[in-house]
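Structural description and commentary
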Amino acid sequence: MRIFFLNLTLFFMSFFLNAQSEPQDYLSSDFHKDRRDNVKSMMPENSMAVFFSNPIRNRANDVSYHYHQDPNFYYLTGLKEPNSVLLLFSESQSKNNSNYDEIIFVQFRDSVRERWDGKRLGVKGVKSKLGFEKVYTADKFKEISPEFTQFNNVLFFDFKNDVRDNKSNNEDLYSLIQQFKNMSNYPINFDPEREKFYDIISLAPEENSANVAQVLKSNFKYRNVIKKDVLLNEFQSTADKSKLIEIKKRISIKSAETNLDGIALTEIMRQLREVKTKEELVLMKKASKISAIGQVEVMKAMNPNLSEMEIQGIHEFVYKKYNVEYEGYPSIVGGGHNGCILHYTENTKLNVGNDLVLMDLGAEYHGYTADVTRTIPANGVFSKEQKIIYDIVYDAQEAGINASVIGAGFRAPHLAAVKVIAKRLIEIGLIKNENEVRKYFPHGTSHYVGLDVHDPGTTGPFKANSIITVEPGIYIPKNSECDSKWWGIAVRIEDTVLITSNGPLNLSSDAPRKSEDIERLMKKKSPLDSFVLPKI
């Protein structure tokens, strides 16, 4: 009996230790199920949606990049493995006395491959851990999937033609995509944008044809698909009403040739992912706080002899100390003129000297990324010119954050920031009028952030629990048309901001933003001050 209880105790200890060996704060299976149910409710009647996992990306020769799941696929499933397909149905389907409205196809268990590449969940694991009922291995995709032709619409994201064919694996993503194309009668020259225009024209009443033609005409110079397609080009350039109706009939015939829709899912996912749930907010707050702590530790460790790459390393070391899986995007560390390059990622400058250092980095925690930028003086003190430009950007960001309220237009933070920067740059003589502001402030101020650093959203009026960035900047490259004392100054301040019913909440506020607060923090000692490696 004692042996029995001893064994029982050891079993539960082992179970507990194994349970604690991995993070316990991933999104729940209930979250993913709720997201799938939302997609189904937003789909057109009698439609099917098809989601593919991300491809495995080749780095060089036989080495792949660390696998990163497609954000939409992860959002709906929680699955982090490749070579998988998710099917969702707007109405319940019936087959062999079984009803279902979703199916997922996943990799099969393979002890040999798992020894090399890591454990797979397999059918049982996906059922037990991710909460799916209808789960099959990927080799059953063609056999189990319903006839695509029975649906009014088959929704999917069109392919980017960047998937390699693994000749040794008939269930890889390439094979799954080819099966999908065969089953859906995927046209060789399929263009989702063209099909969308075809649908708009086909569904519009004949008496509105002239109005639709005007809409196409206004989009003509921005949409290559209108220029290239004979029917669309003819439709938008015709003024004769009877000719318009005749072209409309020809377009309707073309439109009916396929039930594939490569646009609708984009709109559905934009609406869903724009507003974060409580579970998502927990992860976003953590990612933002970790990113801010990285900025704080770099401020304490900064000195003119550091290289851009060392600075990047300190940020990313902090991330790893908090068990962050990835950076949300390539880390940007630009000293001096390098900061004027908006997406500078080489980070190869060997010492930052007495320049400003622009640091745009974000921790991606369990799929959710922050986006935080600070600009600090490498020697710990802003020069007169550096401080003038820095304080302008700070005031612009304050105005942008204050404008980030429920109901405000998506461009409200940008308009507020531009107003401050234009006025102040005129005052110090860098520009003559507001129209010149883009010379030194050449980008927008806000984007959504979440599973993607540039997360999808509707760009409509702000809603509660949306998360955006507010990131004004001023960049004065060498040889700019101004006094040379300003050359090489680049400042961007960026924070992750949550829209709430009580006003904007800065999720990355742990990293100081005021110039005097930054200088004060930079006087503090860093744990890395005594970290010295041998010369090689």
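Structure's up top.
Predicted model, so just to flag it, every value in this text is computed and none were measured.

Right, let's talk about the overall build of the protein for a bit. Helix and strand content of the protein: 18 helices and 19 strands. Across its three principal axes, the protein shows a C-alpha extent of roughly 95 × 75 × 50 Å. When contacts within the protein are restricted to residue pairs at least 6 apart in sequence, long-range pairs at least 24 apart make up 70% of them. When the accessible surface of the protein is split by element, carbon and sulfur atoms take 52% of a total near 27,500 Å². Positive and negative side-chain charges in the protein, numbering 69 and 70 respectively, have mean positions lying 2 Å apart.

This part takes up the side chain of N83. Tracing the sequence through the fold places N83 in the loop between α3 (71-77) and β4 (85-95). Side chain to side chain, N83 and Q107 meet in a polar contact 3.3 Å long. In this structure the side chain of N83 is engaged in a polar contact, spanning 2.9 Å, whose partner is the backbone nitrogen of L173. If sequence neighbours within four positions are ignored, N83 has contacts with S53, I56, F105, V106, Q107, A138, N169, E171, D172, L173 and L176.

To continue, consider the sheet that holds strand β11 (residues 356-361). Strands sit in the order β10-β11-β14 across an open sheet of three strands; the sheet is antiparallel. In this open sheet, the two strands that pair with only one neighbour each are β10 (332-335) and β14 (372-377). On average, adjacent strands in this sheet sit at an angle of 10 degrees to one another, irrespective of strand direction.

The tally for this structure, following the rule as stated, stands at 30 salt bridges. Close ionic contact of K40 with D101 constitutes a salt bridge, the shortest N to O distance being 3.1 Å. Here K40, found in helix α2 (residues 29-42), pairs with D101, found in strand β5 (residues 98-106); they are 61 residues apart in sequence, far enough to count as distant. Residue classification places D101 among the partly exposed positions, given a relative accessible area of 28%. Each of K33, R36, D37, K40, D101 and E102 takes part in one network of salt bridges that share partners.

The next thing to look at is the pairing of strand β17 (residues 489-492). Burial of the side chains of β17 extends over both faces: I489 and V491 are buried on one face and A490 and R492 on the other. Bridge count for strand β16 (residues 473-476) against β17 is four bridges, and the pairing is antiparallel. Each residue of the ladder has a partner; that of Y475, found in β17, is A490.

Criteria and thresholds
Residues numbered from 1 in each chain as written. Predicted model: local features only at pLDDT ≥ 70, side-chain atom pairs only at ≥ 80, totals over all residues. Heavy atoms only, no water. Helix = DSSP H or I, 4+ residues; strand = E, 2+ residues; numbered from the N terminus. Contact = heavy atoms within 4.5 Å. Areas by Shrake-Rupley, 256 points an atom, 1.4 Å probe, with all protein chains shown as cover. Lys, Arg positive; Asp, Glu negative; His and termini not counted. Charge placed at Lys NZ, Arg CZ, Asp CG, Glu CD. Polar contact = N/O pair within 3.5 Å; in protein donor to acceptor, adjacent residues only side chain to side chain. Pairing = 2+ DSSP bridges. Axes fitted to C-alpha atoms, helices over the stretch in contact; angles between N-to-C directions. Salt bridge = Lys/Arg side-chain N within 4 Å of Asp/Glu carboxyl O. Buried < 20%, exposed > 50% of the residue type's maximum accessible area, 1.4 Å probe, protein only.

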